[in-house]
Amino acid sequence: MELPQIPQLLNETLSPDGNVVRTATESLDRLSLHPDFPFYLLSITTGGQNPGQRVAAATYLKNFTRRNVDGSGPISEISSELKNQLMRALLKVEPAVLKVLVEVLRVIVASVFVKENSWPELVPELASVIQNSNLISGAANCEWNTINALTVLQALIRPFQYFLNPKVPKEPVPPQLELIAKEILVPLLAAFHHFVEKAFTVHGGTEAEIERILLIVCKCIYLAARSHMPSALAPLLPSFCCDLFRILGSLNFDHMDPMREGDLLRLKTGKRSLLIFCTLVTRHRKLSDKLMPDIITCVLKIAMHSTKIAKLDFPSERVVSLAFDVISHVLETGPGWRLVSPKFSLLLESAIFPALVMNEKDVSEWEEDTDEYIRKNLPFDMEEISGWREDLFTARKSAINLLGVISMSKGPPVVASNCSSALSKRKKGEKIRGKDQRCFMGELLVIPFLSKFPIPSDANVLETKIINDYYGVLLAYGGLQDFLREQKPGYLSTLVCNRVLPLYGVSVSLPYLVANANWVLGELGSCLPEEMSADVYSSLLKALAMPDIGDVSCYPVRASAAGAIAGLLENDYLPPQWLPLLQVVVGGIGDDDQENSVLFQLLSTVVETGNENVAVHLPYIVSSLVCQISKSIPPNPEPWPQMVDRGFTALAVMGQSWEESMPEEVEECESPETWLSGQATIAKAFSSLLQQAWITAVQPMEGGSSDLEASVSCIDDSSALLRFVMRSVTTYNDLLELKVSDLLVVWAELIANWHAWEEMEDLLMFECVKEVVHLHRKFELKDFFMRGLPSPPAPPVPQSSIIEGIGQFVSTAIAEYPSATWRASSCVHVLLHVPSYSSEVESVKQSLVVAFSEAAFSRFLAIRSKPCSMWKPLLLTLSSCYLCYPDIVERVLEKNERTGFTIWASALSFIGTSSFEHGPSSESEIKLIVVALAKVIERLLGQGNQDSDLLQDCFTSIMEASMQLKELQEEDDNEEAEDDEDAGDEDTDDSDDDDDEDSEDGECEETEEQFLDRYAKAAVALENGTLVEEGDEEDLDQAIDLGDLEEIDQKNIVLSLIQRYHQVLIQGQSLPSSIVSNFLDSFPEYTSFFQQYG
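What counts, and at which threshold
- Residues numbered from 1 in each chain as written.
- Predicted model: local features only at pLDDT ≥ 70, side-chain atom pairs only at ≥ 80, totals over all residues.
- Heavy atoms only, no water.
- Helix = DSSP H or I, 4+ residues; strand = E, 2+ residues; numbered from the N terminus.
- Buried < 20%, exposed > 50% of the residue type's maximum accessible area, 1.4 Å probe, protein only.
- Contact = heavy atoms within 4.5 Å.
- Areas by Shrake-Rupley, 256 points an atom, 1.4 Å probe, with all protein chains shown as cover.
- Patch = residues over 30% accessible without salt bridge, like charges linked within 9 Å, V, L, I, M, F, W, Y side chains within 5 Å.
- Salt bridge = Lys/Arg side-chain N within 4 Å of Asp/Glu carboxyl O.
- Lys, Arg positive; Asp, Glu negative; His and termini not counted.
- Charge placed at Lys NZ, Arg CZ, Asp CG, Glu CD.
- Core = buried A, V, L, I, M, F, W, Y, C linked by side-chain atoms within 4.5 Å.
- Expected span 1.5 Å × (residues − 1).
- Axes fitted to C-alpha atoms, helices over the stretch in contact; angles between N-to-C directions.
- Parallel < 35°, antiparallel > 145°, perpendicular 65-115°, else oblique.
- Left-handed = near helix turned anticlockwise from the far one by under 90°.
- Nonpolar A, V, L, I, M, F, W, Y, C, P; charged D, E, K, R; others polar.
- Arc of directions from axis to C-beta.
- Polar contact = N/O pair within 3.5 Å; in protein donor to acceptor, adjacent residues only side chain to side chain.
- Phe/Tyr/Trp six-rings, centres within 6.5 Å; stacked < 30°, edge-to-face > 60°.
- pLDDT = per-residue confidence, 0-100.

Caption draft 1: Quick look at the overall build of the protein. Counting secondary structure elements, the protein contains 51 helices and 2 strands. For the protein, the residues scored as buried account for 53% of the 1094 residues in total. Within the protein, contacts between residues separated by at least 24 positions form 74% of all contacts whose residues are at least 6 apart in sequence. For the protein, the accessible area works out to roughly 49,700 Å², and carbon and sulfur atoms hold 49% of it.

Right under this line is the structure:
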């Protein structure tokens, strides 16, 4: 197949037939190896037969470039000819092709121009092209398109952002960006001013090309200034901002139609202008302070358009939202506060509050898309109120944030006796200076303003204006959470009792206001006085159970109530009765995935916070929930519906809560029958659900066969349920009744093919592995070691046993996922040393050893260049394997690395010494190292390697490890004695709490310089590879279970080794005298063997 067939193949990639697309793509992949392939694609982007073909060529070239640049593909070294042809194509292609083709340039620019600082002709040539392009030069027959050229400039500037070189604490302006500013941006700003003038003089409105140029130039300036400030650009900012003020001043929200291209582009330019102001205030204060008066005047005019928020489309509302954000940014600066504070009243009355008042758009969104309504109007993700927020996006959220910033700012001095609220919580020992104090603007201005609006009651509930205004009042209260936290408890109690809770008692349902009231209580949950919590909880529980009103959905009411109740519980409120809440939550779970998601999340929170208070109700709740979930498991198990997915997660939380609440000695508690009966009920429910999900759902119809496989959905939560079932087995009858073996067979098959590794989501699978092994040791599970042939009509191929599936899962974890290595390694020791392997299943153990050894050694070879904490689990894994089958492991080690055995033994001896930072930390780890090294020494001596350095290193490591083990055992004995003494000292410890709190208050926050320095050091370490393979910190001290090996007396092994080989190990070696001396201090009984060191 030749290159001329590429156009036809590109056409075929546009076919609706998936097979045709796949075949064409495979053919293009084969042709991509030809050196002229990218040039041919470029020629098609400019001269293809039709627009679809041209876009397809650009798309394939984009993907091809991403695969090959900085790789080993045909264009890993980009030729000057290819770059030149790409630039020529970019300057000529139509907009649809340009949008895709510019992505090719971004990839090349990031690699060649930014990273390598090459392509020196790019900037001067692009500067020339822009100045000589059609709309800037004014030439009639100009070859270059101005919009295309500016789009190229935007792609050129985009990569330059802070942390471009994270290894440098304080990054200077990149020289390439300085060059772009000097050669291109400075001349371009003069042209920009000309285009602004032209945009306002064009008869009949805007012209799309001019508007697009204005937008692209603003994007370029924003990208250039968002992280750095090129020196050539700084002097021109005042004149540039004057043009931005004119553009923003021209926005007419009453007559702009986003459906018209020119109007939409003008709105986008206005949005970008406001983003530039945010950037200047945030990152370039020296330049922005002089511009602040004009910035404030400009954005205040825009913010006043919030009165029309109901009629604003999204692009227009986004501009108003950013105007609020600019004001919030400015208020965080001293000069900005002085400029804005005189206008606080005007802002509040004419801009902020009108954005909060309910309007017809709220009603339509409530009815058409409740999730979108909640996201925009009841944002439980508001987090902290801050002048630096840049992720709000709606005028209402931005207005709430600005209101919070204003409320936290300080007003003029006020006599302390006239201040009705505490200014702030003083730290211990802090004195109030002076007779006058400055009160928050929240108290001086915001709360008095909001108090003017009457609360709806039975007397005025039919007055629409009162309802609409109070809707805004409630949203405003939610934005005052930081201010209200600073007030005395009585202040907030009065506010909530008088202005929020009465809404729940109105006889006429007010779903819009109740939803807002729920949100307010949720936002204020962390600072509500304890004595109020009961009344608040009662009101929220009532709202959680609110039914729909005719055709009006009350889902936002229930969702906001669920969020508020969760917040209340997380702030340590304990309801007097838990069952009513549980019944409302479980009773609300049904066919609506939207509502189920909220209720399952609340249910998990209730169970986690209720602990033993909820545990007594869990058997009933679990049984009810399992019935609901069972109805939603589909015949085809992939993928699971959200109802099932969320349900399994909630059940896993319940199972864990039950186990944590159970008494350690059930028989000795007051009502053992209740706990045992509850455990059995939950276990049966879990087993029944797992059987339906894994076995029943995929069973073939009678007389037929099925290709369905059990679902891997929620495998970690399913593992949690399975583990609960296994822990509930106390007799062999339990094992049969709960069908544990059948469930384990399916589970082992599922995890054997598991590749969707996550940091925490796979944790319970490893815990389940250990539980399976210990359960087998107690009851000898069917199909654990071997399984028979499947029943016809399936082919007579032996099926994987439970331990074989687990082994594949563990070896894959070791080989492919660093963060799982610690957990997987701990499972290796359990799998090899805890079960009893008879001669009939010896081959199974051997296959496990081969798989574990290959995975661990290949992983170790990849990271052995520098010692790190990941060495330990990998080397200990190999040690466990070596103790089982030394010959097999040696063959594995030598298979891919000629000196593999020496590499492993040398590294193992190193981690046993004090020189290794992440050495063994438990008795089991030290014992495993000592026993393995003893075996290595015997192997070396058996091969006649009596004079090798490795032999000396191994014996030295054994001595050090033996000393460490003795110290560890003595520390354990001392700690047990200290625990008894500490039991009587609890009162003394409690008396130190206040001091601890004071010391925490005195801790200084990390400065910007300290953060940047720490970030740079971490980046250097990451590049050097010292952070890549560290795994999860919580796994570093994970205990290992060596099964029968735990019974081995390590001291006897060392003594036997010395007695048999002391002439070679001691008299024939030059051992470090300090280590020998310390060893004999710890073990004086060995002195007779070390007489030459006396």
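Caption draft 2: Inspection of a negative patch on the surface at higher detail. Side chains of Glu367, Glu368, Asp369, Asp371, Asp551, Asp591, Asp592 and Asp593 sit close together on the surface and give a patch of like negative charge. Position of Glu368 relative to the elements: it lies in helix α19 (residues 360-368). A residue is classified by how much of its surface remains accessible, and Glu368, at 69% relative accessible area, is exposed.

Caption draft 3: Looking closely at the nonpolar core. With 373 residues, the main nonpolar core has Leu153, Trp694, Trp747, Trp904 and Phe1090 as its most contacted residues. Residue contributions to this core peak at 13 residues, all from helix α6 (residues 95-115).

Caption draft 4: The arrangement of the side chain of Asn460 in detail. As for its placement among the helices and strands, Asn460 is situated in the loop between α22 (441-450) and α23 (464-479). Among all residues touching Asn460, those that are not within four sequence positions of it are Ile455 and Ile466.

Caption draft 5: Structural view of the pattern of salt bridges. A full pass over the atoms with the stated rule returns 29 salt bridges. Between Asp887 and Arg939 there is a salt bridge, with its nearest N and O atoms 2.1 Å apart. Of this pair, Asp887 sits in helix α43 (residues 886-896) while Arg939 sits in helix α45 (residues 923-942), and the two are 52 residues apart along the sequence. The class of Asp887 is partly exposed, set by a relative accessible area of 41%.

Caption draft 6: Summary view of the environment of Ala57. For Ala57, the position within the fold is in helix α4 (residues 51-68). Ala57 gets classed as buried once you look at its relative accessible area, which sits at 0%. For the pair formed by Ala57 and Thr46, sequence separation is 11 residues and the distance between their alpha carbons is 9.6 Å. Not counting residues up to four positions away in its chain, the partners in contact with Ala57 are Leu10, Leu41, Ile44 and Thr45.

Caption draft 7: Fine view of helix α41 (residues 842-863). The terminal C-alpha atoms of α41, which comprises 22 residues, lie 32 Å apart, in line with the 32 Å expected from a rise of 1.5 Å per residue. Among the residues of α41, those classed as buried are Val844, Lys845, Leu848, Val849, Phe852, Ser853, Ala855, Ala856, Phe857, Arg859, Phe860 and Ile863.

Caption draft 8: Looking closely at unusual backbone geometry. Here the phi dihedral of Asp572 falls at roughly 75°; this positive angle occurs in a residue that is not glycine. Relative to the elements of secondary structure, Asp572 occurs in the loop between α28 (555-570) and α29 (579-588). A positive phi angle, close to 55°, is found at Glu780, a residue other than glycine. Inspection of the secondary structure puts Glu780 in the loop between α38 (763-779) and α39 (802-816).

Caption draft 9: Representation of the packing of α23 against helix α26 (residues 511-523) in the model. With their axes 8 Å apart at the nearest point, α23 and α26 run at an angle of 15° to one another. Relative to α26, the element α23 lies roughly parallel. Two packed elements cross with a definite hand, and for α23 against α26 that hand is left-handed. When α23 is examined against α26, the residues Ile467, Tyr470, Tyr471, Leu474, Leu475, Tyr477, Gly478 and Gly479 are found in contact with a partner set consisting of Tyr512, Leu513, Asn516, Ala517, Trp519, Val520 and Glu523. Residues of the contact of α23 with α26, tallied by class, amount to 11 nonpolar, 3 polar and 1 charged.

Caption draft 10: Focus on α19. Of the residues making up α19, those classed as buried are Lys361, Asp362, Glu365 and Trp366. One side of α19 carries all its buried residues, which in axial view fall inside an arc of 135°. Summarising the geometry of α19, the exposed residues directed more than 90 degrees from the buried face are Glu360, Glu367 and Glu368. If you follow the buried residues of α19, they end up packed against α16 (314-331), α20 (370-377), α21 (395-408), α23, α26 and α28. Here α19 starts with a cap whose side-chain oxygen sits 2.9 Å from the backbone nitrogen of Lys361, and that cap is Asn359.

Caption draft 11: Structural detail: the packing of aromatic side chains. Counted according to the given criterion, the structure contains 29 aromatic pairs. Measuring from centroid to centroid gives 5.0 Å for Trp366 and Tyr373, while their planes differ by 70°, and the two rings are edge-to-face. Of the two residues, Trp366 and Tyr373, neither departs from the other in class, the shared state being buried. Between the aromatic rings of Trp658 and Trp675, the centroid separation amounts to 4.9 Å while the plane-to-plane angle is 55°, which identifies the pairing as tilted.

Caption draft 12: Structural view of the side chain of Ser288. Residue placement: Ser288 occurs in helix α14 (residues 285-288). A distance of 3.4 Å separates a polar side-chain atom of Ser288 from the backbone oxygen of Leu280. Those residues in contact with Ser288, other than ones at most four positions away along the chain, are Leu280 and Val281.

Caption draft 13: Seen up close, the packing of α4 against α6. Running from N to C, α4 and α6 point in directions that differ by 15°, and their axes come no closer than 9 Å. Relative to α6, the element α4 lies roughly parallel. Classified by chirality, the crossing of α6 by α4 is left-handed. Contacts between α4 and α6 pair Arg54, Val55, Ala58, Thr59, Leu61, Lys62, Thr65 and Arg66 from the former with Ala96, Val97, Val100, Leu101, Glu103, Val104, Val107 and Ile108 from the latter.

Caption draft 14: Highlighting the confidence of the model for the protein. Per-residue pLDDT for the protein has a mean of 84; in total, 84% of the residues score no lower than 70. Contacts from residues 414-436, a stretch scored under 50 in pLDDT, to residues over four places away or in other chains number 33 contacts. Confidence drops under pLDDT 50 across residues 700-707; counting only partners more than four residues distant or on other chains, this segment forms 5 contacts.

Caption draft 15: Spotlight on the environment of Tyr885. Considering the arrangement of structural elements, one finds Tyr885 in the loop between α42 (871-884) and α43. Separated by 36 residues in sequence, Tyr885 and Val849 have C-alpha atoms that sit 7.6 Å apart.

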